[in-house]
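# A closer look at the structure
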Amino acid sequence: MCSRTTQKVQNAILLILCIVCTLGGIAIYNVLHKESQHPMLSISVDVNPDSDNWGGLFTTTKFTGDILNNIVYGKGISNVTIKINSVPVKLEKAVERQLVSMDDLIYYAHQDAKNGYCNISFISEASLTNYICQYPNYDIRLINDVFEAPSGPQRHIQYLSISRPGETDLDRALFSFRERDGDDWITREDWGLSFSVDSSSPTGLRLYCTQSNGQQLGNLKIYQYTIVSEEQNLQWTVPHSTFIPILQNNTTEIDLDWHHLSNQLQPGKYHLSVWVMDIYDLSDKNLSHLYRHPLMRDFGSNQIYCVPFTIQ
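Residues numbered from 1 in each chain as written. Predicted model: local features only at pLDDT ≥ 70, side-chain atom pairs only at ≥ 80, totals over all residues. Heavy atoms only, no water.

Reading across the sheet, the six strands line up as β2-β3-β9-β8-β7-β6 and stay open at both edges, with mixed pairing between neighbours. Edge positions in the sheet fall to β2 (54–58) and β6 (119–125), since each has one partner strand and no second. The average angle at which neighbouring strand axes cross in this sheet is 20°, direction not considered. When strand β7 (residues 128–134) meets strand β8 (residues 139–148), the two strands line up antiparallel, connected through five bridges. From the neighbouring strand, Ile-132 faces β8, where its bridge partner is Arg-141. Across the sheet, helix α3 (residues 102–114) lies against β6, β7, β8 and β9 (154–163), angled at about 130° from β8, the strand it touches most. (Pairing = 2+ DSSP bridges. Helix = DSSP H or I, 4+ residues; strand = E, 2+ residues; numbered from the N terminus. Axes fitted to C-alpha atoms, helices over the stretch in contact; angles between N-to-C directions. Contact = heavy atoms within 4.5 Å.)

Next up, the structure:
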């Protein structure tokens, strides 16, 4: 009689344990399922599809590499925030205050890709692996890799940019990373270019571009100008009508006019970002052996040159 009672008690205990485990499993599933209803990389971005102004350049010492402008907001991007414990914080400030790291950002993006909130692709630029994460209303580029300079030194580079959907290519030329504490560039094709300015004012300036020797493959042309105020964390794109060819082994003079920006450019220090492209013919038989060289995959056909100037 006692053995039967004991058996019934044991069966009852097992039944209770099964019920508890089942309910606990359902509860855990519901919690996980509920969490997966929201992206882990909870970034909010204001997007202006018609703006030609860049959202901002920021330099944080919390990203490694000792490079300038390691956080970049592209054209039409503003008010970039990330939720930390459900509280929106400016992304650049969250990084600087170490509320979020590059490892966190990459992990969150991978989890979002698994849960269907974004698509991730991988490309190589300047020998650095780039994570291109495409969310519904913005793209984010993340770099967390080691760069080995031609001279030998290695650097752990961390870089982040946010752009409008499909516009991550606009910041490709920014991979000519500049030293944080100087004017040296850690990646740069040698095109033999130097720049200077004259007659700078709130309405324009004269730009001098001197080319000598260099290792470009084709014809160098200027295709964009950007005025940058690091004091104000602002950028303005200078409109122009066409590509401007750079004279080889000579000096090219270019008059830039930005009357439409005169009320926005206050007295102070600026730099002019000159965007240059090496345009060459892929069908040129004299260059075909170069295109097949393994190092050509790291060849940069777009570069930015920063020219300082002052408005009195």
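Here the narrative resumes, following the displayed structure.
Next up on the list: the pattern of salt bridges. Using the criterion set out here, one finds three salt bridges in the structure. Here Arg-164 and Glu-167 are joined by a salt bridge, their closest N and O atoms 3.0 Å apart. On the basis of relative accessible area, Arg-164 is assigned to the buried category, the value being 7%. Of the charged contacts, one joins Asp-255 and Arg-206 as a salt bridge, the two residues approaching to 2.7 Å between their closest N and O atoms. On the criterion of sequence distance, the pair formed by Asp-255 in strand β15 (residues 250–257) and Arg-206 in strand β11 (residues 204–211) is long-range, its members being 49 residues apart. (Salt bridge = Lys/Arg side-chain N within 4 Å of Asp/Glu carboxyl O. Buried < 20%, exposed > 50% of the residue type's maximum accessible area, 1.4 Å probe, protein only.)

Among all residues save glycine, negative phi is the norm, and among peptide bonds the norm is trans. Residue Asn-85 is not a glycine yet carries a positive backbone phi of 55°. Relative to the elements of secondary structure, Asn-85 occurs in the loop between β4 (77–84) and β5 (87–90). One non-glycine residue, Ser-86, lies in positive phi territory at about 70°. Within the secondary structure, Ser-86 is located in the loop between β4 and β5.

Before going further, it helps to examine the sheet that holds β15. Read across the sheet, three strands follow the order β10-β11-β15 without closing on themselves; strand pairing throughout is antiparallel. What marks the edges here is a single partner per strand, and that holds for β10 (193–201) and β15. Shown here is a sheet whose adjacent strand axes are inclined to one another by a mean of 20°, direction ignored. By the bridge criterion, seven bridges tie β10 to β11 in an arrangement that is antiparallel. Across the sheet, residue Val-197 finds its bridge partner in β11, namely Leu-207.

What follows deals with the packing of aromatic side chains. The final tally for this structure, using the stated rule, is 10 aromatic pairs. Both rings, one in Phe-122 and one in Tyr-131, keep their centres 5.3 Å apart while their planes meet at 70°; by these two values the pair is edge-to-face. When its relative accessible area of 19% is taken as the criterion, Tyr-131 is described as buried. Both rings, one in Tyr-223 and one in Phe-243, keep their centres 6.0 Å apart while their planes meet at 20°; by these two values the pair is stacked. One end of the pair, Tyr-223, is in strand β12 (residues 219–229); the other, Phe-243, is in the loop between β13 (234–238) and β14 (244–245), with 20 residues separating them in the sequence. The structure contains a cluster of three or more aromatic residues connected by ring pairs, namely Trp-236, Trp-258, Tyr-270 and Phe-309. (Phe/Tyr/Trp six-rings, centres within 6.5 Å; stacked < 30°, edge-to-face > 60°.)

Judged by how many residues are buried, β11 sits mostly within the fold: six of eight residues are covered. What sits between the antiparallel neighbours β10 and β11 is a turn of two residues. Here β11 runs beside β15; their pairing, made up of eight bridges, is antiparallel. Counted as the bridge partner of Tyr-208 is Glu-253 from β15.

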